Each structure stands twice: as structure tokens, then as C-alpha cells.
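Listed here are the chains, written in short residue letters.
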Amino acid sequence: MAKRDYYEVLGVDKSASEGDIKKAYRKAAMKYHPDKFANASDAEKKDAEEKFKEINEAYQILSDPQKKQQYDQFGHAAFEGGAGFGGGNFNNFDFGDIFGDIFGGGGSGFGGFEGFSGFGGSSRRSYVEPGHDLRYNLEITLEEAAKGVEKTIKYKRTGQCEHCHGTGGEDSKMKTCPTCNGQGTVRTQQRTILGMMQSETVCPDCHGKGEVPEKKCKHCHGTGTAKETVEKKVNVPAGIDDGQKLKYAGLGEASQNGGPNGDLYVVIRIKSHDIFVRDRENLYCEVPISYSTAVLGGEVEIPTLNGKKTIKVPEGTESGRLLKVKGEGIKSLRGYGQGDIIVKITIETPKKLNDKQKELLQKFEESLNEKNYEQKSSFMKKVKKFFKDIIE
Ligand SMILES: [Zn+2]
Ligand SMILES: [Zn+2]
């Protein structure tokens, strides 16, 4: 693949000032930052990763007056060929920034933050890691899901130590981390196929904070965190379905190094119902009716989430027939429309008849002819033809 023009990559023209280049870089790097693609597909992730590297590379060149001049004069050729990696113009090139995640120099989970040292501010802030997300399974009934419900949940999490306000230091007193001199990162040398490489990793002593306690807080032993039980009111909206999540930003675990809290995800689980089976906004239920109601038609009482309702069963209803009761289903979560109740009729065959009943039924049956049994007589005709065909 041909290398794209560095100016094009950053979306600036050749006359752009240093400030403009920096601004354009910041904007582009934010757009394709790996953190933004945490939930994207693999293909999207890969594409963003490529773009992110491309942007960083372009910035490394264009932000350096000498390299920029060479690039302006010779284009990409200025940095290719034998004089390239490891020597010549690249003496001061910071490989850690661009290639860190390829060669694992970034430390676990921090690869995405590489290249941000170009922002000019303190690099400390870039190395903080947010706390873990938490998941809470909340079981509710179908009725609660249909109407919405407020629940109070209780869960344990790693929170901030209240004695040291999360700093880990006694009386919150901190000093500059001696390991990294307050940078939050340490540089390590690595031998690779491209020669010696320098890469940055998060400081193992201050975990990126750049400062350590003067004296460790005795309540949390310097971690800055403490286990706590949180009570949270959760408003479950009407229409929510099984497996859907409610997100509460910042209610997850505290960060180990001064970063933002993780998030809390409340995952809704709907208990199975004695009568209804839900399919999105519709509710299905099976209603057994008597043989005579099926034959003569009539009214049947059915349950709904708003109480009982009487529906009409047409004369001559077959077993398995579906009857729709409009608008008695679940309200759409998005606020418009409401599902239906779909009633599946089953005809219950009467059992344990006494002699008198059997006799009555026998008499009734004898009174019927083939017109009363369209299906049966059509089937019998087919059977007759079938055997006739075989014999011939
Ligand atoms: Zn503490
Ligand atoms: Zn440190």
C-alpha cells in the first residue's frame, strides 16, 4: 500500500503552522483513539489502529522542524532505504510512541495511550487506568418489566479509602515518585529486529500517578482503596426485555491509580411467567376451551397484565387457532406502540364421562353427517383414492 501524504493524513496543508499541525493531530488522534473502538468490530478496530499509527507517524515527522523540512523536500523517500531505521535522521525518533504496541513496549492495557506525549501537557494523566466495570444481575417479574419498577440494589465494590481520600498516603501526604521522577512512566531498552528500541512503560511503583505516599495510609496499606457496600436505586423502565442492560457511569470499582471509576451495568433478568411467554412486545398464552364452546362459539375469560378480559371465540373454532387481543402486550421501550396478547386456543377433550353422557354424545354423533366434518370427509376421500391407485 502506498504511504499517504503526511499532510493529507492530518488534514492540513503545507503552509500550516506548528500550532495548526498540533491541533489537527490532536483532533485526528482523538477520533481514532483505540479506546473509542473498544466495542467496535475487529475490522473497525484494525482500521482505527492503522489510522492511529498513521496519524502518529505523520505527527512525529511534521512536528519536528528538521524532519518536516526533509519531508517537504524529498517526501517519504527522505525516511526510507538504508539510511532509515536505526541511523541517520532517526537518531531522535521516539520509537516507543509509534511502535510501542507492536513490540509490546506499552505495557498491558496502555498501548492505546501511546503517542499522547505529543500533547505537550503532563504525560501523567494519560497513564491512569479506569477502575473495573461491574455487572449486577437484577431479576424482575414480567409484570415489573411491563410497567417499570424501582428497585434498590446492594452490591460490594472496591471504593475509595475514606481515610486518605484515595491517595494511599497517610493524611493524604504525597511525594514525587523516585522511580520515575514524577513522570508516571519509565523508559526501557529493548533489543528488536530493528535494533535497540526505547519504549515507555507505566511506572511499576506509582502505577502512572507520578507520586507515591510519603507514608502509606495504615487503613488501606497504600492502595487508596477500600471495600464498600453500595446501595443504589435503579429505575427499570417499562418495556425492558430480558438481557438488556442499564449503565450507571462511575458506579463501578475505583481506579488503582487515580483514574476514573469503572461503570456499573445492571443486567435485567426476567423470571419465567406461569401464563405468558414473551416475544419482544407480544405476549403469548395458551387458553384451553371446552369442546362445546369450540363448536358453538362463545365468550372466554383470559388474563391480561391489566386484569381479566373477555374475548369472543367464533363458532367452529379449531384447536390451535390464534386470536389476537390488541394492545394488551408490552409497551415499547422506545416509547411508541404496544404489543398484543396472542391467545392460542386449545380444545380440551372431556374425560371421565359417565354412561349417560356417553350415550348423549353417541346420539349427537350419529346425528352428524359428512357436511359437518369437511376435513374428515375430504381426508377419507383421499385415503380411498390412495388405496384404489395402489390396487390398479
Ligand atoms: Zn487509605
Ligand atoms: Zn513512578
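Before reading on, note that the structure itself is shown above.
Chains are numbered independently. Their residues run from 1 in the order of the written sequence. For naming, the first written chain is A and the first written ligand is 1, with later ones following in the order written. Side-chain atom pairs in this predicted model are given and counted only at pLDDT of 80 or more, local residue features only at pLDDT of at least 70, and totals for whole chains, interfaces and linings cover all residues. Hydrogens and water are ignored here; the side-chain numbers use all heavy atoms of the structure.

Enquirer: How should I be thinking about the side chain of D340 in this particular structure?
Expert: The helix and strand labels rest on DSSP assignments: H or I over at least four residues marks a helix, E over at least two residues marks a strand, and numbering proceeds from the N terminus. Note on placement: D340 falls in the loop between β14 (322-325) and β15 (341-348). Side-chain atoms alone can form a polar contact between residues adjacent in sequence; in general such a contact is a pair of N or O atoms within 3.5 Å, and within protein one must be able to donate a hydrogen while the other accepts it. Only 2.9 Å separates the side chain of D340 from the backbone nitrogen of G327, close enough to count as a polar contact.

Enquirer: Is there a simple way to explain the sheet that holds strand β1 (residues 134-140) in this structure?
Expert: Whenever strands of a sheet pair, they do so through backbone hydrogen bonds, lying parallel or antiparallel. In space, the three strands of this open sheet follow the order β1-β9-β8, with mixed pairing throughout. Every other strand in the sheet has two partners, leaving β1 and β8 (245-248) as the edge strands with one partner each. Each adjacent strand pair in this sheet contributes to an overall mean axis angle of 25°, direction not counted. What makes two strands pair is DSSP finding at least two bridges between them. Pairing analysis gives seven bridges linking β1 to strand β9 (residues 264-270), with the strands arranged parallel. Paired with I140 across the bridge in β9 is I270. Axis definition: a line fit to C-alpha positions, over the contact stretch in the case of helices; interaxial angles, taken between N-to-C directions, run 0 to 180 degrees.

Enquirer: For this particular structure, what's the right way to read unusual backbone geometry?
Expert: For residues besides glycine, phi is generally negative; the peptide bonds are generally trans as well. Its identity as a non-glycine residue notwithstanding, D171 has a phi of 55°, on the positive side. Take D171: it is sitting in the loop between β2 (149-160) and β3 (174-176). Residue exposure (1.4 Å probe, protein chains only): buried if accessible area is under 20% of the type maximum, exposed if over 50%, otherwise partly exposed. For D171, a relative accessible area of 60% gives the class exposed. Its identity as a non-glycine residue notwithstanding, N181 has a phi of 55°, on the positive side.

Enquirer: What is the right way to read the coordination of the zinc ion (ligand 1) from this model?
Expert: In a perfect tetrahedron of four donors around a metal, the angles come out at 109.5 degrees. In a perfect octahedron of six, they are 90 or 180 degrees. Surrounding the zinc ion (ligand 1) are the protein donor atoms C161 (SG), C164 (SG), C217 (SG) and C220 (SG), which sit 2.3 Å from the metal. Only nitrogen, oxygen and sulfur atoms qualify as donors, and only when within 2.8 Å of the metal (3.2 Å in the case of Na, K and Ca); with water excluded, sites may look incomplete. For a four-donor site, all angles between 85 and 135 degrees give tetrahedral; for four or six donors, opposite pairs above 155 degrees with the remaining angles between 65 and 115 give square planar or octahedral; all remaining cases count as irregular. Around the zinc ion (ligand 1) sit four donor atoms; with metal-centred angles ranging over 104 to 115°, the donor geometry is tetrahedral. For the zinc ion (ligand 1), the single-chain donor residues occur in sequence as C-x2-C-x52-C-x2-C. Pair noted here: C161 is in the loop between β2 and β3 and C220 is in the loop between β6 (211-213) and β7 (225-236), with a separation of 59 residues, a long-range link. The class of C161 is buried, set by a relative accessible area of 2%. Residue C220 is classed as buried on the basis of its relative accessible area of 5%.

Enquirer: Just checking my understanding: could you explain the sheet that holds strand β10 (residues 277-279) for this structure?
Expert: Across the sheet, four strands lie side by side as β10-β11-β15-β14; this open sheet has mixed pairing. Only two strands of the sheet have a single neighbouring strand rather than two, namely β10 and β14. Recorded for the sheet is a direction-independent mean angle of 35° between the axes of neighbouring strands. By the bridge criterion, four bridges tie β14 to β15 in an arrangement that is antiparallel. Within β15, the residue paired with L322 across the bridge is K344.

Enquirer: Explain the packing of aromatic side chains here, please?
Expert: The relative placement of two aromatic rings is captured by the distance of their centres and the angle of their planes. Side-chain rings of Phe, Tyr and Trp (the six-membered ring for Trp) are treated as a pair once their centres are within 6.5 Å; stacked means planes under 30 degrees apart, edge-to-face means over 60, and tilted covers the remaining angles. By the definition in use, this model includes four aromatic pairs. Between Y6 and Y71, the aromatic rings sit 4.6 Å apart at their centres with planes inclined by 40°, giving tilted as the arrangement. Of this pair, Y6 sits in helix α1 (residues 6-10) while Y71 sits in helix α4 (residues 65-74), and the two are 65 residues apart along the sequence. Across the pair, exposure class does not vary: Y6 and Y71 are buried alike. Judged by centre distance (4.0 Å) and plane angle (10°), the ring pair of Y25 and Y59 falls under stacked. Of this pair, Y25 sits in helix α2 (residues 18-31) while Y59 sits in helix α3 (residues 42-62); the two residues are 34 residues apart in sequence, bridging distant segments of the chain. Comparing Y25 with Y59, the two get one shared label, buried. Put simply, the rings of Y6, Y7 and Y71 pair up and form one aromatic cluster. Note that K376 overlies the ring of Y373, its terminal NZ or CZ placed 4.9 Å from the centroid. By the criterion adopted, a ring carries a charge over it if an Arg CZ or a Lys NZ lies within 6 Å of its centre and within 35 degrees of its normal.

Enquirer: Could you clarify how one ought to interpret the coordination of the zinc ion (ligand 2) in this entry?
Expert: Around the zinc ion (ligand 2), the protein supplies C177 (SG), C180 (SG), C203 (SG) and C206 (SG) as donor atoms, at distances of 2.2 to 2.3 Å. Along the chain, the residues that donate to the zinc ion (ligand 2) are spaced as C-x2-C-x22-C-x2-C. Of this pair, C177 sits in the loop between β3 and β4 (185-192) while C206 sits in the loop between β5 (195-202) and β6, placing them 29 residues apart in sequence. For the pair shown, C177 and C206 are each scored as buried.

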